[in-house]
Amino acid sequence: MRKFNINVNGKTYAVEVEETTDGAISAVSAPVQVATPVAKPAPAAAPAGNGKPVKSQMPGLVKKLCFSNGATVKEGDAIIILEAMKMDTPISAPCSGVITYSTSEGANVDSGAVLCTIA
């Protein structure tokens, strides 16, 4: 059995699919169970500082925070590595300043979630 999360009309369901070795489609011999909804990721915390908010461009996993809170960053620096669809995407600082993260490594974020602020 392989497990998948399927999104249907904005609701996410956990499903199990059996893979056959011969490629043939077999009839279902047991009753089909209705998939149970999967909890959506918690929204990112509100920005922790004043300044320019940096938002996620896509839903994904925060793979790496490239600086520590309170560090000074320059415009164009990669500040967060976001993983989406097995690809790492660097999020760049839109301006120079002191960074305050409002997310953490390993967090799942939605598109438009505030990741940090730069003041």
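Structure's up top.
About the criteria used
Residues numbered from 1 in each chain as written. Predicted model: local features only at pLDDT ≥ 70, side-chain atom pairs only at ≥ 80, totals over all residues. Heavy atoms only, no water. Salt bridge = Lys/Arg side-chain N within 4 Å of Asp/Glu carboxyl O. Helix = DSSP H or I, 4+ residues; strand = E, 2+ residues; numbered from the N terminus. Pairing = 2+ DSSP bridges. Buried < 20%, exposed > 50% of the residue type's maximum accessible area, 1.4 Å probe, protein only. Contact = heavy atoms within 4.5 Å. Core = buried A, V, L, I, M, F, W, Y, C linked by side-chain atoms within 4.5 Å. Patch = residues over 30% accessible without salt bridge, like charges linked within 9 Å, V, L, I, M, F, W, Y side chains within 5 Å. Areas by Shrake-Rupley, 256 points an atom, 1.4 Å probe, with all protein chains shown as cover.

Caption draft 1: The pattern of salt bridges, seen in detail. One pass over the structure, following the stated rule, counts two salt bridges. Glu-83 is the salt-bridge partner of Lys-63, the closest N and O atoms lying 3.6 Å from each other. Of this pair, Lys-63 sits in strand E5 (residues 60–65) while Glu-83 sits in strand E7 (residues 78–84), placing them 20 residues apart in sequence. One salt bridge in this structure joins Lys-63 and Asp-88, with 3.1 Å as the shortest N-O distance.

Caption draft 2: Spatial organisation of the sheet that holds strand E4 (residues 52–55). Pairing within the open sheet is antiparallel, and its four strands lie in the order E4-E11-E9-E6. Looking at the sheet topology across the chains shown, the edges are occupied by E4 and strand E6 (72–73). Pairing of E6 with strand E9 (residues 97–101), which is carried by two bridges, proceeds in the antiparallel orientation. Looking across to E9, one finds that Thr-72 is bridged to Val-98.

Caption draft 3: Inspection of the side chain of Thr-103 at higher detail. Here Thr-103 is to be found in the loop between E9 and strand E10 (108–109). Its relative accessible area of 13% is what places Thr-103 among the buried residues. Leave out the neighbours within four places in its chain, and Thr-103 touches Val-62, Leu-65, Val-109 and Leu-115.

Caption draft 4: Highlighting the pairing of E9. In the sheet, E9 pairs with strand E11 (residues 114–118) via three bridges, with the strands oriented antiparallel. Bridging from a neighbouring strand, Ile-99 pairs with Ile-118 of E11.

Caption draft 5: How the structure looks around the nonpolar core. The biggest cluster of nonpolar side chains holds 19 residues, and the ones touching the most others in it are Val-62, Ile-79, Ile-80, Ile-99, Tyr-101 and Ile-118. For this core, the elements supplying multiple residues, two or more each, are E5, E7, E9 and E11. For Val-62, the contacting residues outside a window of four places in its chain are Ile-80, Ile-81, Leu-82, Thr-103, Ser-104, Glu-105, Gly-106, Ala-107 and Val-109.

Caption draft 6: How the structure looks around unusual backbone geometry. Even without being a glycine, Met-85 presents a positive backbone phi close to 55°. Inspection of the secondary structure puts Met-85 in the loop between E7 and strand E8 (87–92). A relative accessible area of 80% places Met-85 in the exposed class. Positioned with a positive phi, Lys-86 is a non-glycine residue whose angle comes to about 65°. You can see Lys-86 is positioned in the loop between E7 and E8.

Caption draft 7: Expanded view of a nonpolar patch on the surface. Where nonpolar side chains cluster on the molecular surface, the patch consists of Phe-4, Ile-6, Val-8 and Val-17 and spans about 290 Å² of accessible area. The leading source of residues in the nonpolar patch is strand E1 (residues 2–8), at three residues. What makes Ile-6 partly exposed here is its relative accessible area of 36%.

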